[in-house]
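Tertiary structure, described
What follows is the residue order along each chain.
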Amino acid sequence: NTDTAMGRNRSGSSTTMASMQSTTAASQASSMGIGSGSGNINSSDLALYDIPLVTSPSQASTDFEQLLHNLQSISVDPKSVRKAACCAALIETVQERRQNQNQQQQQQVVVSPNELFLATLAALTSLQGTLEQQVKRTDTDTESNNNSSNEVETTALPLLEILRQILPYVAHPSNNHGALLLHQFGTVSRMLRMFVALGYAYTASSSTTGTNKATSTAVATSGANALLRQILKTTTMLLLITPSSSSTTTTQEAEKEMAKLLHATIIRMFHDVRPKVRKAAFGCAMDVVIVASSSNSCSSSSSSSPVVQQRKVIADFLWEYCHAVITQYKSSSSGSKKKNDSSNSKNLIHILRLLSTSLPYADDVRIRVRFGDDCLALMGGGGEGSGSKGEVSMEVIRETLITLLSCLEKGEEDSDDGLLLSSMEQEVDTTKDTGKEDEEISKFAARALAFLLQHRPNAANSSFSSAGDVNVVYGRCLMGCVERMLVRANSGDEDGTLASKLLAMKLLPNVLTSILHLCDEAAEGEDGSAANSAEMCGSEFNQFVSRVMPIVTSYFNNVTSNNNLQRVAIEAVSNCIDIIRQALKIQYRNAWGNILPGGYATFTSTLALNLLEMRGAGNEANNGNSELEGKLQSWLKELVVSLLRLRDDVEKDGTARTAVEYATSTVMRGMGLELFLSLVDFTDDHVDIGDKKKESLNTESGAGLWWLLPLMKQSASADASALASSSSITTRSHLSFFQGRVLNLARRCDAASADGHRTAAEASIQKQRVVEVWSLLYYFCLHPIDMKENFAAVAKTVVKALSDHSRYPKLVPVICGSLKSLAVGVTGRAEANPSAEATEDLEVLSNVSIKILPSLFKLVETLNESQKTNSADDMDTDDKSSSKEKQAIRQQNMQLVETVTDTIGQLAQICPREFLQNLFKKVVQRLLVATTENGDNTGGKASKDAQAVRMCSLLGLGQALVASGSLDNNSVSLLYRAVRPLVRSDEHDSRVQKRAYKVLAEICEKHKEFVTSEERLNEMTDLMVDSIVTCQVSARHMRLKCMAYIVQGFDSSNQAHMAVIPKIMGEVLLCLKDSNAKTREAAYQLLLEMAVARDDMTDYFKIILAALGAKTTHMRSAAVMALSRLTFEYARHDTTVQSLLPSLMQTVAFLFDDSSREVTKSVISFVRVCVAAMSFDQLEPLLPEIVGGIMKYNKGRDRFRAKIKIILKKLVRLYGYDTIAPLVPEKDTRLITHMRKLTERTARRKAAGLQDGQSVVNNFDDMMESDEDDSDDGRTFMTGVTGFTKMTSMTGKSMKSAKSKSVVSGARSTMTGKSAKSTSGPRIKAELQGEILDMLDSSKMAKSVRFADANMNDNDFSDDDDGMDDMQFDNQGRIIISDGLQKVSGDKGAVDDFDSEDDDENLQLKAGGGKRRRVSKFESVKVAKAER
């Protein structure tokens, strides 16, 4: 018996901790021995139980016919075969009986339930006698024992299962109200009891068998176990569907017979030593309890049926037996000073485990109260009495606590999902008499709580292996009692309800102390499980605080609450303050990581929420709560300051410091930064806590509480997620608090940074603190509630801070991000809930933005002016380090400009329209002036650069205003006319043209109606076509985006629009080969947009195919790539493209003879895409052309041999080796042979279960660039040199580890089978027998060490295209780096030989025609020696 699991996975259990669910819930089902103990009955069994109650006669007849069909169905399961054979024999027996009785088969074709029942009963009775005779012979005959097991497996088990399934139809009311079953109940009961005796006899007799004892014992045991489990299932069905008799005498006799059957089967196996049998018995008992409880909740007609009444009787028998076992244990414990008998303890443990899962389903709360009192009696009598310090006794205590917890938990009659209700006061349901039940369970919870506080189990001094679980369950019981008293006390007796709540709150400090002390006891353990036990107990502490404290604090400001209840709640919380602070003591250090961020922070946050609710409810409701508000303020300050002091005490303890900081961060998020800052004083020299004066939190070293600033910054960012929920009270703040309290702190830090007595490092720290303090502005902008009163003043301060960007450049993104967040929040609240407050806030922000926007515009100009200055300074200095610093400053200023322009775009959405139009006109006017300026000729390059920077900044402002969506069509048209000359001309800096294209793209995206108008569309189309020549390289990306937006407005029926596509096709194709990835992707997207606009794939392909005749290889390669992308996108669902693929393939095949490597790469990639897209019939006629073309290799054969192998693999999978092999040139037959061997090896590995899985290439770029197969058993996208894959990156492995692994595998791949086999062992012969070789002895080294054969790779064909091969050197001793496999010496006909063209190309590179290759020092020395 391994029943050591503590948890119970009960349906409706709301006290199971998240930290315990993963470890206890999984082990509970297997270790406690409960089949369906989780409360989930098999659906098929439940349907059978309901047949006598809810099934109509016609439906019952139909279901029985279906049952017969299912019983005779044969599947692959041997059990179904045996069951079908038995059912067929039974039906044949019934039919023979009918013939003997001269009955007509035509009158009754289907066998009736009664006939099949009698035939089954007769067969089982006959089999029973046979098995009894065989059991008697098993003492001397092993073969007889085996025959008995075979009989059980082949006959007894199927017959019992058939009997179980037909019993509900025999007991159906339409079948004479189950009269036959009532008449034969005694016979069936005796038969089942005899089978139980036979099952136990098998095990006993098998242990005495002489020969083949082990084999016969195993066979007999397995057969006996299966037989007993099947008997349990059949017995349960019999008990639950048998109706009660109408006669009183008969009913009493039937109940006695049922009790006899119940005790001889289910109850007897409660205590079986075999876990499977005991598990089945527990499951059957659970079925009885659940079915009886569910039947009680049925309709009135069903609940009064004889079957339902009989089910209640069976359930009562089980409850009485459980009570009798507990009573027997108590009497034996109190009646003698000796220890309880071990069998009594085991029986008690089994019953307690059954009760812990069945009590929540009891149909009467009095049953739960009764067993709860029994548990308290066990705790009082067995805990301190005999054997209380022994292992068995502690296990009894643990199981008793778990059962007690089940008595307190939610029952099936409760309608909510947990103990903690969202509403503290619920109305009584008049349709159910739940008031008295709640009253009884509440009174019992009070008794249990008082008892548990006085009788805490001494688990710390016990040697029981699961003693730590006792503390955890004990804590859960305390929590369950308190919750029952606080939440469930909703009976009609208001005085009783109030008394229960008052008692619970008075005992709350004691309960909290007891639960907290459990963490101390768990931490005192000496073994390695101490930390785990402390964490578990800490979780119980957290759960208690999070579930109970909100209920208690809800009585603070509840208007309907009784004054006495409010007073007691305040006193209870006041007494809990000191208890909560005890969690900061060093004795609980092992649990700090759990209880500080959990219970401690939750308790503090709960009080803070109540304080914030009082302050936000209005003065009318808080006139009488000023005293309570002061208490809450004092309690919170005491809790927060105590936590901060603990951080100073554990500063050198990393683990404890992390726990405290995490708890502090949790407290910040729970109460909000404003309340937290009001409790923490950064400036005063002393802090008052209560009536005592304590040392300042600000230490003389200067560290003080400044460690809180990063935590507050993180908390402010975390609170951004709460912005969507405007009802979150913790995100509401006052700008006046920031203006008066927070900014004063920033001013102090700024003054300290200017102090001349400080070092540069100290001054830098103070400046950093200024930025961190200002970063809190983001939180105060989430949901300010005093916008009308204080935002104007804060705006002035913000403008001044932005003007000081030269000293604090980091303030710019902080302030701009805060303003942007404020604008988004105010706008969102006004749109979601257009209340008066939200509308007023939006109006205030709109008015104040008039003062903020000019400052932001000026800031952009100032930042640009600084870039001009830096550019001029660069021309006057030759200092490289100074130039790099100024370059970094310029880069920083550019980023700041982007940040400011984004904020301008957000504020522009809410500022007044007239003001925005005026600003926009000024921006455009300055842009036109800057465009017409020729620059200062004396300034030269610096002047032009400054002009370009100015124009870029103005264009950025224009882009921001366009992005805001607040400009009208006239303003957009004005900006377009100002930008158009910059797009046409290349006289200005490339940055200007790139920015102009960005503005144009923004116009196309935000103002589509402006672009798609017929006149404007033609104008912009001409602009794009005419500006091809003047387009700068850096502007291609944005130009392609503009063209994509324009093409989206094309009409396929407009010939002028369609004529534009061929004009721009050349540019688009060339951009597919651009070095910039964004440009390439934009070109592909434009290519697809043009295909949509053209709406004729045949003509569109013709336009692209014309590029195949281009003079440059660059254009031809780009055209093939375009065809590949279109095929990849459209061939799957466009029938037109699918039909064009053969002709496209034939056209592109002419490029197989092209000598350009880039064309070869594009063509091979196109073939790869087409092979995947074409159908079987389309591809088959083209096989000779395709295979012959890709095997020509040409100039780039080694570079692309991996892709060629992939294509061949796909073709082989489609058509087989016999079809593809003749098409491969004779010199390359070894390649196809090698591929066949690899395929066979892969199939063998797959059969052995060694494959890693398959991956499919679904991305176009991956397919074009990958050298791996689309489905290669887990090696997709792996490079041969590094061995780094996409799957490797997802596992977190480094490139270094993957590369080392691949190098080894590459080296091994160059070995032949013989050499690999020979080198599988030690390469030093002297160490074969374990002898240590002296490697300094040259004579032994020469004899013992052998080296790899230089020709070991001659006969091998490597599968790794980029594997590690023998290094080759040129005449000067330099390493030759090739793109493919090296030449394999000794095999002139090998497929891996080099091309002469590749050698020539390498020689050209060495001679200076390309990048110079590095030469190692080793090779340099080698060459020097050779020259001597």
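Quantities reported herein were computed from a predicted structural model and do not represent experimental measurements. (Residues numbered from 1 in each chain as written. Predicted model: local features only at pLDDT ≥ 70, side-chain atom pairs only at ≥ 80, totals over all residues. Heavy atoms only, no water.)

The next thing to look at is the overall build of the protein chain. In terms of helices and strands, the protein chain carries 57 helices and four strands. A buried classification covers 51% of the 1428 residues belonging to the protein chain. Long-range pairs, those at least 24 residues apart, make up 74% of the contacts in the protein chain between residues at least 6 apart in sequence. Taken as a whole, the protein chain presents about 65,900 Å² of accessible surface, with 50% of it coming from carbon and sulfur. (Helix = DSSP H or I, 4+ residues; strand = E, 2+ residues; numbered from the N terminus. Buried < 20%, exposed > 50% of the residue type's maximum accessible area, 1.4 Å probe, protein only. Contact = heavy atoms within 4.5 Å. Areas by Shrake-Rupley, 256 points an atom, 1.4 Å probe, with all protein chains shown as cover.)

A separate point is the environment of alanine 122. Here alanine 122 is to be found in helix H5 (residues 113-137). On the basis of relative accessible area, alanine 122 is assigned to the partly exposed category, the value being 39%. Each C-alpha atom of the pair alanine 122 and leucine 90 lies 9.8 Å from the other, and the pair is 32 residues apart in sequence.

Throughout the structure, instances matching the rule amount to 30 salt bridges. Ionic pairing is found between arginine 193 and glutamate 257, a salt bridge with its closest N-O pair at 2.9 Å. Taken as a pair, arginine 193 in helix H7 (residues 179-206) and glutamate 257 in helix H9 (residues 248-267) lie far apart in primary sequence, 64 residues in all. Glutamate 257 carries the same exposure label as arginine 193, and that label is buried. Across the salt bridge formed by glutamate 320 and arginine 370, the nearest N and O atoms sit 3.2 Å from each other. Residue glutamate 320 is found in helix H12 (residues 306-335), and its partner arginine 370 is found in helix H14 (residues 365-382); the two are separated by 50 residues along the sequence. One salt-bridge network, held together by shared partners, links Arg353, Glu395, Arg398 and Glu399. (Salt bridge = Lys/Arg side-chain N within 4 Å of Asp/Glu carboxyl O.)

Turning to helix H26 (residues 735-753), a few remarks are in order. An ideal rise of 1.5 Å per residue puts 27 Å on 19 residues; H26 measures up with 26 Å between its terminal C-alpha atoms. Maximum bend of H26: about 35 degrees, positioned at leucine 743. Among the residues making up H26, those that are buried are Leu735, Phe737, Phe738, Val742, Leu743, Leu745, Ala746, Cys749, Ala752 and Ser753. The inward-facing, buried residues of H26 contact helix H24 (673-679), strand E3 (732-733), helix H27 (760-774), helix H28 (777-780), strand E4 (783-784) and helix H29 (787-803). (Expected span 1.5 Å × (residues − 1). Bend = angle between axes of the 7 residues up to and from the residue.)

Summed over all chains, the structure comprises ten aromatic pairs. Summarising the aromatic geometry, the rings of tyrosine 779 and phenylalanine 780 are spaced 5.3 Å apart at their centres and angled 85 degrees between planes, so their arrangement reads as edge-to-face. Here the aromatic residues Phe737, Phe738, Trp774, Tyr779 and Phe780 are joined through ring pairs into a cluster of three or more. Above the face of the tryptophan 707 ring, arginine 647 is positioned so that its terminal group lies 4.5 Å from the ring centre. When the ring centre of phenylalanine 1128 is taken as reference, the NZ or CZ atom of arginine 1132 above it lies at 4.7 Å. (Phe/Tyr/Trp six-rings, centres within 6.5 Å; stacked < 30°, edge-to-face > 60°. Lys NZ or Arg CZ within 6 Å of the ring centre and 35° of its normal.)

The next thing to look at is the nonpolar core. Ranked by size, the top nonpolar core spans 382 residues in total, and within it Phe270, Leu708 and Trp774 carry the most contacts. In this structure leucine 708 touches Leu644, Thr664, Met668, Phe676, Val680 and Phe682, once residues within four positions along its chain are discounted. (Core = buried A, V, L, I, M, F, W, Y, C linked by side-chain atoms within 4.5 Å.)

Our focus in this paragraph is the side chain of glutamine 1138. By secondary structure assignment, the location of glutamine 1138 is in helix H44 (residues 1135-1148). Leaving out residues up to four positions away in the same chain, glutamine 1138 has contacts with Ala1131, Ala1173, Met1174, Ser1175 and Gln1178.

Before going further, it helps to examine the side chain of threonine 604. Mapped onto the elements, threonine 604 comes out in helix H21 (residues 592-616). In terms of polar contacts, threonine 604 uses its side chain to reach the backbone carbonyl oxygen of tyrosine 600, at 2.9 Å. (Polar contact = N/O pair within 3.5 Å; in protein donor to acceptor, adjacent residues only side chain to side chain.)

Further remarks concern the packing of helix H40 (residues 1055-1071) against helix H42 (residues 1097-1105). For any two helices packed against each other, the geometry is given by the interaxial angle and the distance between the axes. Running from N to C, H40 and H42 point in directions that differ by 40 degrees, and their axes come no closer than 10 Å. In terms of orientation, H40 and H42 fall into the oblique class. Where H40 crosses over H42, the two elements pack in a sense that is right-handed. Along its contact with H40, which presents Ile1061, Pro1062 and Met1065, the element H42 presents Tyr1100, Ile1103 and Ile1104. Residues of the contact of H40 with H42, tallied by class, amount to six nonpolar, no polar and no charged. (Axes fitted to C-alpha atoms, helices over the stretch in contact; angles between N-to-C directions. Parallel < 35°, antiparallel > 145°, perpendicular 65-115°, else oblique. Left-handed = near helix turned anticlockwise from the far one by under 90°. Nonpolar A, V, L, I, M, F, W, Y, C, P; charged D, E, K, R; others polar.)

Our next topic: the packing of H21 against helix H22 (residues 626-649). Viewed as axis vectors pointing N to C, H21 and H22 meet at an angle of 155 degrees, and their least axial separation amounts to 10 Å. As the angle between them shows, H21 and H22 are arranged roughly antiparallel. Handedness of the crossing formed by H21 with H22: left-handed. Residues Trp592, Leu596, Tyr600, Phe603, Thr604, Leu607, Ala608, Asn610, Leu611, Met614 and Arg615 of H21 form the contact with H22, whose own contacting residues are Leu628, Glu629, Leu632, Gln633, Trp635, Leu636, Leu639, Val640, Ser642, Leu643 and Leu646.

Let's shift gears to the environment of isoleucine 231. Following the sequence through the fold, isoleucine 231 ends up in helix H8 (residues 213-241). A residue is classified by how much of its surface remains accessible, and isoleucine 231, at 0% relative accessible area, is buried. For isoleucine 231 and valine 196, which are 35 residues apart along the polypeptide, the C-alpha to C-alpha distance reads 7.3 Å. Setting aside its immediate chain neighbours within four residues, isoleucine 231 contacts Leu160, Leu192, Phe195, Val196 and Thr265.

Quick look at unusual backbone geometry now. One non-glycine residue, histidine 177, adopts positive backbone phi at about 55 degrees. Mapping histidine 177 onto the fold places it in the loop between helix H6 (142-170) and H7. Residues other than glycine seldom take positive phi values, yet aspartate 1095 does so here, at roughly 60 degrees. By secondary structure assignment, the location of aspartate 1095 is in the loop between helix H41 (1077-1094) and H42. The exposure class assigned to aspartate 1095 is exposed, which follows from its relative accessible area of 61%.

Take H42 next. Every buried residue of H42 is accounted for by Met1097, Tyr1100, Phe1101, Ile1103 and Ile1104. One face of H42 carries all of its buried residues, which in axial projection span an arc of 155 degrees. In this structure, the buried residues of H42 make contact with H40, H41, helix H43 (1113-1130) and H44. (Arc of directions from axis to C-beta.)

A grouping of Arg747, Lys796, Lys800 and Lys851 is seen on the molecular surface, where their side chains present a positively charged patch. Tracing the backbone through its elements, the reader meets lysine 800 in helix H29. You can call lysine 800 exposed: its relative accessible area is 63%. (Patch = residues over 30% accessible without salt bridge, like charges linked within 9 Å, V, L, I, M, F, W, Y side chains within 5 Å. Lys, Arg positive; Asp, Glu negative; His and termini not counted. Charge placed at Lys NZ, Arg CZ, Asp CG, Glu CD.)

Turning our attention to the environment of serine 546. Of note, serine 546 is situated in helix H19 (residues 530-553). A relative accessible area of 27% places serine 546 in the partly exposed class. Between the C-alpha atoms of serine 546 and glycine 598, which are 52 residues apart in sequence, the distance is 8.3 Å. In this structure the side chain of serine 546 is engaged in a polar contact, spanning 3.1 Å, whose partner is the backbone oxygen of glutamine 543.

The next thing to look at is the state of the cysteines. Per the stated rule, a full pass over the model turns up zero disulfides. In this model cysteine 537 remains outside any disulfide bridge; the closest cysteine sulfur is found in cysteine 519, 5.5 Å from its own. The exposure class assigned to cysteine 537 is buried, which follows from its relative accessible area of 1%. (Disulfide = S-S within 2.5 Å.)

Looking now at the confidence of the model for the protein chain. Here the protein chain shows a mean pLDDT of 75. Residues at 70 or above account for 70%. Every residue in residues 208-213 is under pLDDT 50, and counting partners more than four places away or in other chains gives eight contacts. Within the model, the stretch residues 1379-1415 combines pLDDT values under 50 with 72 contacts to residues more than four positions away or in other chains. (pLDDT = per-residue confidence, 0-100.)

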